[in-house]
Amino acid sequence: MKKLLIGVAITVSISASVSAQVPDHAAKAEFCTSFSELARDAMRARQDGKPMSQALKPMLADNANALNELDALAAETPEAAEFAHLAADLMRRMRDYTVEVYAEAYRKPVGYSDNLKAQYVNDFENAVFSECITDY
């Protein structure tokens, strides 16, 4: 999970350079909350017995569509190309980290009861948030 959070920190750095602002504490909490919600969704899919390939399919399709739109934008002007390049890099990194979160969730066991499944989901979400908020 440390590798994953290092990647997240890099992504946040890129995002910050795009917006030309250093994230404040509220932005950090918001980012980590979003990231922990991704972890929750990944672990729910795992606990529900959904194959990882099926759980990731819609997100990967959305990412591919966004990258295609950025390619089209890049062809418009030099300024648009610069923005599109940075945004595409961010989109690729977020795709990679999404896959990492799902892979980490799918390495965990599946609970044998609904209560245990809910606990695994909660524990995973909290672990991701905790590491993000303290290490980033």
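Look above for the structure.
This is a predicted model, so every value here is computed, not measured. (Residues numbered from 1 in each chain as written. Predicted model: local features only at pLDDT ≥ 70, side-chain atom pairs only at ≥ 80, totals over all residues. Heavy atoms only, no water.)

> What's the story with the overall build of the protein in this structure? I'm lost.
Tallying secondary structure elements over the protein gives five helices and zero strands in all. Seen in sequence order, the protein has helices and strands lined up from the N terminus as α-α-α-α-α. By the burial criterion, 31% of the 136 residues in the protein qualify as buried. A separation of at least 24 residues holds for 79% of the contacts in the protein among residues at least 6 apart in sequence. With the model as given, the accessible surface of the protein reaches about 8100 Å², and the carbon-plus-sulfur share is 55%. (Helix = DSSP H or I, 4+ residues; strand = E, 2+ residues; numbered from the N terminus. Buried < 20%, exposed > 50% of the residue type's maximum accessible area, 1.4 Å probe, protein only. Contact = heavy atoms within 4.5 Å. Areas by Shrake-Rupley, 256 points an atom, 1.4 Å probe, with all protein chains shown as cover.)

> Explain the state of the cysteines to me, please; I cannot follow it from the model alone.
Between two cysteines, a covalent bond joining their sulfur atoms is known as a disulfide. Per the stated rule, a full pass over the model turns up one disulfide. Across the disulfide, cysteine 32 is cross-linked to cysteine 132 (sulfur-sulfur distance 2.1 Å). Its S-S torsion of approximately -75° makes the covalent link between cysteine 32 and cysteine 132 left-handed. Remark: cysteine 132 occurs in helix 5 (residues 114–135) and cysteine 32 occurs in helix 2 (residues 25–47); sequence separation between them is 100 residues. Of the residues examined, cysteine 132 reaches a relative accessible area of 1% and is grouped as buried. (Disulfide = S-S within 2.5 Å.)

The values reported here are purely geometric and, on their own, carry no functional implication.
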